[in-house]
Amino acid sequence: DFAVLPFENTLGGSIHVNYDLLLRFHGSVHILGEHSFRVRHSLLALPGVKREEVLKAMSHPQALAQTEGYLRAANLTPVVAYDTAGSAKQIVEQQMRDTAAVASIHAAKVHGLQVLDSGIEDDANNFTRFLILGKSPVSPPFGVPAKTSVMFVPKSHEAGSLFKALSVF
């Protein structure tokens with residue numbers, strides 16, 4: 001009945017695939033709220049693995065981009081995976097001793113991994129804005145601040161069409 005999806009990151013920008021999903025399911029899905037989350041990445045490995053044994057770092061492309069400087073300085077080869085927690089799970093399932101996951105400390109606890117290093121993101125100003133979605137619209141109580149989000153596709157793609165659409169505001 002509900003979903004929480006990332007839409008914007010201070011370092012990586014908009015997550016276009018999720019905006020496209022909003023357009024695709026227009027009328028079936030409603031924005032109920034938002035939450036900004038401070039992103040903290042850690043380097044996770046199998047128990048007993050020493051940092052010197054790790055040659056690769058596996059994670060979602062966004063997490064790899066957010067830790068690029070750290071990975072380069074540590075001489076770790078980035079390996080793309082579907083998501084951060086999924087990379088932690090894959091390392092455990094395949095017993096990958098030469099690969100660490102870039103994921104959260106929570107993922108380490110869930111999958112039984114050790115934390116080799118934490119706070120490895122290149123920029124401490126790393127926040128992701130999530131939208132809370134539901135099947136039915138909900139009006140906020142009177143007096144509660146609310147945002148309005150507008151998404152549209154212009155009828156024609158010509159110079160000035162965005163300006164014309166926004167000029168009413």
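Quick caveat: nothing in here was measured; it's all calculated off a predicted structure.

K.L.:
Please set out the side chain of Arg129 residue by residue, giving values where relevant.
P.N.:
Locating Arg129 in the fold gives a position in strand S9 (residues 127-134). Relative accessible area serves as the criterion here: at 18%, Arg129 is assigned to the buried category. Ignoring anything within four residues of it in the chain, the contact list for Arg129 reads Leu5, Pro6, Phe7, Glu8, Tyr19, Glu34, His35 and Ser36.

K.L.:
Talk me through the sheet that holds strand S4 (residues 42-45); I want residue IDs and the actual numbers.
P.N.:
Reading across the sheet, the 5 strands line up as S6-S5-S7-S4-S8 and stay open at both edges, with mixed pairing between neighbours. Whereas interior strands pair on both sides, the edge strands pair on one side only; in this sheet they are strand S6 (77-80) and strand S8 (114-118). In this sheet, neighbouring strand axes are inclined to one another by 35 degrees on average, regardless of whether the strands run parallel or antiparallel. Sheet analysis places strand S5 (residues 56-59) next to strand S7 (residues 99-103), joined by 3 bridges and oriented parallel. Counterpart to Met58 in the pairing with S7 is Ala101.

K.L.:
Account for the environment of His26, with residues named and values stated.
P.N.:
Secondary-structure assignment places His26 in the loop between helix H1 (16-24) and strand S3 (30-38). Considered as a pair, His26 and Met151 are 125 residues apart in the sequence and their alpha carbons are 9.8 Å apart.

K.L.:
Which residues make up a nonpolar patch on the surface, and what values go with them?
P.N.:
Together, Val150, Phe152, Leu162, Leu166, Val168 and Phe169 make up an exposed nonpolar region whose accessible area comes to about 660 Å². Mapped onto the fold, Leu166 is located in helix H6 (residues 161-166). The exposure class assigned to Leu166 is partly exposed, which follows from its relative accessible area of 43%.

K.L.:
An account of the sheet that holds S9 is needed here, citing residue identities and associated values.
P.N.:
Pairing within the open sheet is antiparallel, and its 4 strands lie in the order S2-S1-S9-S3. Strand pairing shows two members of the sheet lacking a second neighbour, strand S2 (13-14) and S3, which therefore form its edges. Taken together, the 8 bridges between S3 and S9 define a ladder with antiparallel strand orientation. Residue pairing in the sheet places Ile31 in a bridge with Leu133 of S9. Of the strands in this sheet, strand S1 (2-9), S2, S3 and S9 are in contact with H1, which crosses S1 at around 135 degrees.

K.L.:
Go over the packing of aromatic side chains, please, and point to the residues and values.
P.N.:
Using the criterion set out here, one finds 2 aromatic pairs in the structure. Residues Phe37 and Phe130 carry aromatic rings whose centres are separated by 6.3 Å and whose planes lie at 80 degrees to one another, so their mutual orientation is edge-to-face. Taken together, the residues span a long stretch of sequence, with Phe37 in strand S3 and Phe130 in strand S9 at a distance of 93 residues.

K.L.:
Go over unusual backbone geometry with me, naming the residues and quoting the values.
P.N.:
Notably, Asn75 is not glycine yet its phi reads approximately 60 degrees, a positive angle. Phi at Gln95 is positive, roughly 50 degrees, even though this residue is not glycine. With respect to the helices and strands, Gln95 occurs in the loop between helix H4 (84-93) and S7.

K.L.:
Can you tell me about the pairing of S4, naming the residues and giving the values?
P.N.:
Here S4 shows no split at all, with Ser42 and Leu44 on one side and Leu43 and Ala45 on the other all buried. Two strands pair when backbone bridges link them, and S4 and S8 are joined in this way by 4 bridges, in the antiparallel orientation. Considered in S8, the bridge of Ala45 is made with Gln114.

K.L.:
Would you mind going over the pattern of salt bridges in detail, with residue names and values included?
P.N.:
A complete count under the given rule lists 10 salt bridges for this structure. Between Lys135 and Asp1 there is a salt bridge whose closest N-O contact spans 3.8 Å. Within this pair, whereas Lys135 is found in the loop between S9 and H6, its partner Asp1 is found in the segment before S1, the two being separated by 134 residues in sequence. Lys135 sits in the exposed class, given a relative accessible area of 57%. Note on Asp1: relative accessible area 68%, which makes it exposed. Arg97 is paired through a salt bridge with Glu53; the nearest N and O atoms lie 3.7 Å apart. With a gap of 44 residues between them, Arg97 in the loop between H4 and S7 and Glu53 in the loop between S4 and S5 connect regions that are remote in the sequence. Through salt bridges with shared partners, a single ionic network connects Glu8, Glu34, Arg129 and Lys147.

Thresholds, definitions, all that
Residues numbered from 1 in each chain as written. Predicted model: local features only at pLDDT ≥ 70, side-chain atom pairs only at ≥ 80, totals over all residues. Heavy atoms only, no water. Helix = DSSP H or I, 4+ residues; strand = E, 2+ residues; numbered from the N terminus. Buried < 20%, exposed > 50% of the residue type's maximum accessible area, 1.4 Å probe, protein only. Contact = heavy atoms within 4.5 Å. Pairing = 2+ DSSP bridges. Axes fitted to C-alpha atoms, helices over the stretch in contact; angles between N-to-C directions. Patch = residues over 30% accessible without salt bridge, like charges linked within 9 Å, V, L, I, M, F, W, Y side chains within 5 Å. Areas by Shrake-Rupley, 256 points an atom, 1.4 Å probe, with all protein chains shown as cover. Salt bridge = Lys/Arg side-chain N within 4 Å of Asp/Glu carboxyl O. Phe/Tyr/Trp six-rings, centres within 6.5 Å; stacked < 30°, edge-to-face > 60°.

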